[in-house]
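# Results of the structural survey
In case you want the letters, here they are:
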Amino acid sequence: MSVDYRPLISGLRGKDNQPWKGSTVELSIFDSPDLLAIQPGNRKKLLSASTLSNENVGIMQRWIDDCIHNHPECRGASTSWVPTRLLEISYNDGDMSIRLVDTYHPLFPRESPFAALSHVWGNMNTNPRGPLRTVLSNYEHMRDAIPIESLPQNFVDMARTCVSLGIRYMWIDSLCIIQDSIQDWTYEAAQMHLVYQNAKVTIVATSATSSHDGFLHRNIDTIPALKIAYSVDHVDTAGADERASQYMVVCRYDDPLEKYYIFAVGRSKWNTRGWTMQERSLSTRCIHFCRNRMFFECRKGVWTEENDPLQEHDTVTSVLWPRGATTSFAELYEHWKLFLAEYCNRALTVPTDKLPAVQSVAAEITRVTGFEYLPYAGMWLHNLRNELLWFISPVADKSRPPQWRAPSWSWASVDGSLLFWQYSIRNAESSSPESLLHTLSKTPFEVLATDESFPDPRSETRGFLKVQTLVKKISRIQRLAEIPRQRSFFPYDLFTVSETSDGDVGETVFAYGQLDFEEDEKGIPKEAGSLLYLHVNGESRATGLILQRVCGSCDSGSGGDLGGGVSGAIAADSMWRRLGIGTVFQDRAQPAINEGTFSSGDMTQSIMMV
């Protein structure tokens, strides 16, 4: 347990002998009845001075074995699947050797368990040395032997942990993937969900801020502690009074919050990195090596080295990917949205890793549901009507990556705090047949084509999406001079040119909009036909996309008033990029901003977005 000490008088001093100015001191107390409890499940434990003490190794082995045999929610891992390569650890009389092995060799024991490492590489800009890596030029040497002195401390600590746990093989990303082979890296990155799912345990270097820090060091001996003897009245079975001698251990940690899993793991640098999110989410079970303590995490809950009661189950179940072959896409998609919202707030050393660092989670959804994932966009083909209306929080920092990595209609084309609109907020079935909502509900949104393979970065149409839907030409976008509260998210008026009832031609506001980046407003060409509203889903808060023409002619010249503009249909050779999102309704429900925006006579058009 812990207690807060609040002094009533001055004079308390800290370790530096300076007057203490704090208001409270948090102390952890371990009482002898808890430390000496007969039942192991009830027995509290003091932190070990050595991370790999015999006592701690025994605790880790019990955690793993109990999870394997008694946690049905954690099942699903294969005992025969192994990665393409593993690191083999040989240990004899204190001498350790490591080499890279190819698991496809017929003599490799495929039933052998392996452990996976999840760690932070470190800042490659300030420390270009980074971790040791397997490349084409040293591949054969790595298969012969890897000098221990060449390994960063995280890898040495990983090997020591595996030896203590009796695990002969380990998987480390920078060594088991050929880093300068695009073909190998692409293939192996897509297999990561299987690596972490099928590892016997994932060893997490939670406390390390780079691959060179290590995660086994402790400074328990510097923590102030006091052992206090006391006695209590005790009545034995014969009824005689006795005094039983007991004791308590009182200690004060430098950071009291570090004993709590949610802070020790959640506030770590490891938990801010993009790649580590899918590694944690997909792992069957993890042991977190935090500062001076360990935590065990699986889908059942969290256990601590001090043997605190099972804790943070809700937090774990919201972080770890659900298991179960019968899980529906709807359930998994809710997890996917939460996953992306958290993931997009994390950092990536290489900006182009934005999509590769989530594709293993997508592969897990595909494995269970069979639905098609678009790896170049980070979206689901059958669900595009909902996913296209993503937006970046306007109150958070946002930016575009320094180089192309995804089409403009994909959330991966920007950096920022990602959110998805709630849909089905309007009931088209109960709307009037003459209403705009009813009209929109009767008009299909159809995906005609997408890239069939990862797009060529040299191509103008890389990552294209071709859809058939209602469109409206935008004649002008104008930001409100004064923005009322109800328009705070959609501060732009979208105008179109239309004919009035008496035959005059003029501009009218038909929708409200929000640009992904306000600075794009300055770069919008003045010529007619350069902007377009593309309708996506009338039952969502945002109902469509604001597009800008990037190439192709303006009109097809076919005549007719398709889409409500005074010019003709959109030219078939036009290509468009996303500028933002818009809505044709005034608020979350009805009415429409302009009931005449679309009519039942309007025809859908084919639009290609890049």
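Residues numbered from 1 in each chain as written. Predicted model: local features only at pLDDT ≥ 70, side-chain atom pairs only at ≥ 80, totals over all residues. Heavy atoms only, no water.

Here the focus is the overall build of the protein. Across its full length, the protein holds 14 helices and 26 strands. A buried classification covers 50% of the 610 residues belonging to the protein. Across the protein, every contact between residues at least 6 apart in sequence was considered, and the portion connecting residues at least 24 apart equals 67%. Total accessible area computed for the protein in this model is approximately 28,800 Å², and 51% of it derives from carbon and sulfur atoms. (Helix = DSSP H or I, 4+ residues; strand = E, 2+ residues; numbered from the N terminus. Buried < 20%, exposed > 50% of the residue type's maximum accessible area, 1.4 Å probe, protein only. Contact = heavy atoms within 4.5 Å. Areas by Shrake-Rupley, 256 points an atom, 1.4 Å probe, with all protein chains shown as cover.)

Let us now look at the environment of Val120. Considering the arrangement of structural elements, one finds Val120 in the loop between β5 (114–118) and α3 (139–144). Since its relative accessible area comes to 4%, Val120 is described here as buried. Through-space distance from the C-alpha of Val120 to that of Ala205 is 7.7 Å; in sequence the pair is 85 residues apart. Residues in contact with Val120, not counting those within four places in the same chain, are Asn154, Ala208, Thr209, Ser210, Ser211, Lys269, Trp270 and Arg273.

Turning our eyes to something else, we now look at the sheet that holds strand β6 (residues 169–171). In space, the eight strands of this open sheet follow the order β4-β3-β6-β5-β7-β10-β11-β12, with mixed pairing throughout. What marks the edges here is a single partner per strand, and that holds for β4 (95–102) and β12 (301–304). On average, each strand axis in the sheet is tilted by 25° relative to the strand beside it, whichever way the strands run. Across three bridges, β5 lies against β6 in parallel orientation. Across the sheet, Ala115 pairs through a bridge with Met170, a residue of β6. (Pairing = 2+ DSSP bridges. Axes fitted to C-alpha atoms, helices over the stretch in contact; angles between N-to-C directions.)

Residues Gly301 and Trp303 of β12 are buried on one face, and the alternating residues Val302 and Thr304, pointing to the opposite face, are buried as well. Of the strand pairs in this sheet, strand β11 (residues 293–298) and β12 are connected by four bridges, and their pairing is antiparallel. Among the inter-strand pairings, Phe295 is bridged to a residue of β12, identified as Thr304. Where β11 folds back on β12, the antiparallel hairpin that results is connected by two residues.

Another point: helix α6 (residues 182–189). Considered for burial, the residues of α6 that qualify are Asp184, Glu188 and Ala189. End-on, the buried residues of α6 take up no more than an arc of 120°, which puts them together on one face. In α6, the exposed residues that point more than 90 degrees away from the buried face are Ile182 and Gln183. Taken together, the buried residues of α6 touch β3 (85–92), α7 (192–198) and α12 (359–369). (Arc of directions from axis to C-beta.)

Attention now moves to the side chain of Glu88. Among the secondary structure elements, Glu88 is positioned in strand β3. Within the structure, Glu88 has its side chain in polar contact with the side chain of Arg168 (distance 3.1 Å). A distance of 3.2 Å separates the side chain of Glu88 from the side chain of Tyr169, its partner in a polar contact. Not counting the four nearest positions on each side in its chain, Glu88 is found in contact with Ser97, Ile98, Arg99, Val101, Arg168 and Tyr169. (Polar contact = N/O pair within 3.5 Å; in protein donor to acceptor, adjacent residues only side chain to side chain.)

We now examine the environment of Leu440. Mapped onto the fold, Leu440 is located in helix α14 (residues 436–441). Classification of Leu440 as buried rests on a relative accessible area of 1%. Once the C-alpha coordinates of Leu440 and Ser599 are considered, the two residues, 159 residues apart in sequence, prove to be 8.5 Å apart. Not counting residues within four places of it along the chain, the set of residues in contact with Leu440 comprises Leu470, His535, Gly538, Val584, Phe585 and Phe598.

With that out of the way, let us pick up the nonpolar core. One finds Trp171, Trp336, Trp409, Trp411 and Ile607 to be the most contacted residues of the largest nonpolar core, which totals 114 residues. By residue number, the principal contributor to this core is helix α11 (residues 329–343), which donates seven residues. In this structure Trp411 touches Leu340, Tyr343, Cys344, Lys354, Leu355, Val358, Ala377, Gly378, Met379, Trp390 and Leu418, once residues within four positions along its chain are discounted. With 20 residues, the next largest nonpolar core counts Leu494, Phe510, Val584 and Phe598 among its residues. (Core = buried A, V, L, I, M, F, W, Y, C linked by side-chain atoms within 4.5 Å.)

Bringing the pattern of salt bridges into the picture now. Per the counting criterion, the structure on display carries 22 salt bridges. For Asp184, the salt bridge is made with Arg85, and the minimal N-O distance between the two is 2.9 Å. With Asp184 in helix α6 and Arg85 in strand β3, the pair connects residues that are 99 residues apart, well separated along the chain. We classify Asp184 as buried; its relative accessible area is 12%. Among the salt bridges present, the one from Asp157 reaches Arg160, with a minimum N-O distance of 3.8 Å. Taken together, the residues span about one helical turn, with Asp157 and Arg160 both in helix α4 (residues 153–165) at a distance of three residues. Take Asp157: its relative accessible area is 3%, and that puts it in the buried class. Owing to a relative accessible area of 40%, Arg160 belongs among the partly exposed residues under this scheme. (Salt bridge = Lys/Arg side-chain N within 4 Å of Asp/Glu carboxyl O.)

A word on the packing of aromatic side chains. Counted according to the given criterion, the structure contains 22 aromatic pairs. When the ring centre of Tyr247 is taken as reference, the NZ or CZ atom of Lys227 above it lies at 4.3 Å. (Phe/Tyr/Trp six-rings, centres within 6.5 Å; stacked < 30°, edge-to-face > 60°. Lys NZ or Arg CZ within 6 Å of the ring centre and 35° of its normal.)

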